[in-house]
Amino acid sequence: QVQLVESGGGLVQPGGSLRLSCAASGFTFSDYTMSWYRQAPGKERELVASITSTGRGTSYADSVKGRFTISRDNAKNTVYLQMNNLRPEDTAVYYCKNQQLNYWGQGTQVTVSS
């Protein structure tokens, strides 16, 4: 049974940091590109960052470049999203996704507010 379980969300002040984690099971994690998406209230879900199966290739949405870093640990079947210098517009539910198999996690809420 495929599972993607996100954690690490919460409430943070503008300029703060959070690290999201997504623990995967039920498939061979190291074979697949993994991605983080987010969805703010009233908006469409958008791609935030992706990382190739080996971790050597990454890509980011323009809105998060230089602030967010995606990484993975294939030994732990986990993908991470380090988020620095957070802004109120980063407030959203963040989801991880197995990009090729189209599996989604349940999401974790990130709220940036003073």
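What counts and how
- Residues numbered from 1 in each chain as written.
- Predicted model: local features only at pLDDT ≥ 70, side-chain atom pairs only at ≥ 80, totals over all residues.
- Heavy atoms only, no water.
- Disulfide = S-S within 2.5 Å.
- Helix = DSSP H or I, 4+ residues; strand = E, 2+ residues; numbered from the N terminus.
- Buried < 20%, exposed > 50% of the residue type's maximum accessible area, 1.4 Å probe, protein only.
- Pairing = 2+ DSSP bridges.
- Axes fitted to C-alpha atoms, helices over the stretch in contact; angles between N-to-C directions.
- Salt bridge = Lys/Arg side-chain N within 4 Å of Asp/Glu carboxyl O.
- Contact = heavy atoms within 4.5 Å.
- Core = buried A, V, L, I, M, F, W, Y, C linked by side-chain atoms within 4.5 Å.

Draft legend 1. The arrangement of the state of the cysteines in detail. Taken as a whole and judged by the stated rule, the model has one disulfide. Note that Cys22 is cross-linked by a disulfide to Cys96, the S-S spacing being 1.9 Å. Disulfide Cys22 to Cys96: torsion about the S-S bond roughly 45°, handedness right-handed. In this pair, Cys22 sits in strand β3 (residues 18-25) while Cys96 sits in strand β9 (residues 92-98), placing the two residues 74 residues apart along the sequence. Assessed through its relative accessible area of 0%, Cys22 is described here as buried. In this structure Cys96 comes out as buried when scored by relative accessible area, which is 0%.

Draft legend 2. Representation of the sheet that holds strand β1 (residues 3-7) within the structure. Reading across from one edge, β1-β3-β8-β7 is the order of the four strands in this open sheet, with antiparallel pairing throughout. If you trace the sheet from one side to the other, it starts and ends with β1 and β7 (68-73), each paired once. The average undirected angle you get between the axes of adjacent strands in this sheet is 15°.

Draft legend 3. Structural view of the pattern of salt bridges. Overall, the coordinates contain four salt bridges when judged by the stated rule. Notably, a salt bridge pairs Asp90 with Arg38, separated by 2.9 Å at the nearest N-O pair. A residue pair is termed long-range when its members are at least 10 positions apart, and Asp90 in the loop between β8 (78-83) and β9 and Arg38 in strand β4 (residues 34-39) qualify at 52 residues. Arg38 shares its class with Asp90; the two are buried. Look at the salt bridges and you will find they share partners, linking Arg38, Glu46, Arg67 and Asp90 into a network.

Draft legend 4. Spatial organisation of the environment of Leu4. Looking at where Leu4 falls in the secondary structure, it is placed in strand β1. The sequence separation of Leu4 and Glu89 amounts to 85 residues, and the corresponding C-alpha distance is 25 Å. Beyond its immediate sequence surroundings of up to four residues, Leu4 is in contact with Cys22, Ala23, Ala24, Phe27, Met34, Cys96, Lys97, Asn98, Tyr103, Trp104, Gly105 and Gln106.

Draft legend 5. Highlighting the nonpolar core. The biggest cluster of nonpolar side chains holds 28 residues, and the ones touching the most others in it are Trp36, Val48, Phe68, Val79, Leu81, Met83 and Tyr94. At the level of elements, β3, β4, β5 (46-51), β7, β8, β9 and β11 (108-112) are the ones that each hand at least two residues to this core. In contact with Phe68, not counting residues within four places along its chain, are Arg38, Val48, Tyr60, Leu81, Gln82, Met83, Asn84, Leu86, Asp90 and Tyr94.

Draft legend 6. The arrangement of the pairing of β3 in detail. Here five bridges tie β1 to β3, and the two strands are oriented antiparallel to one another. Across the sheet, the residue bridging to Ser7 is Ser21, located in β3. The sheet contact formed by β3 and β8 spans six bridges and is antiparallel. Across the sheet, Cys22 pairs through a bridge with Val79, a residue of β8.

Remember, this is a structural readout, not a statement about activity or role.
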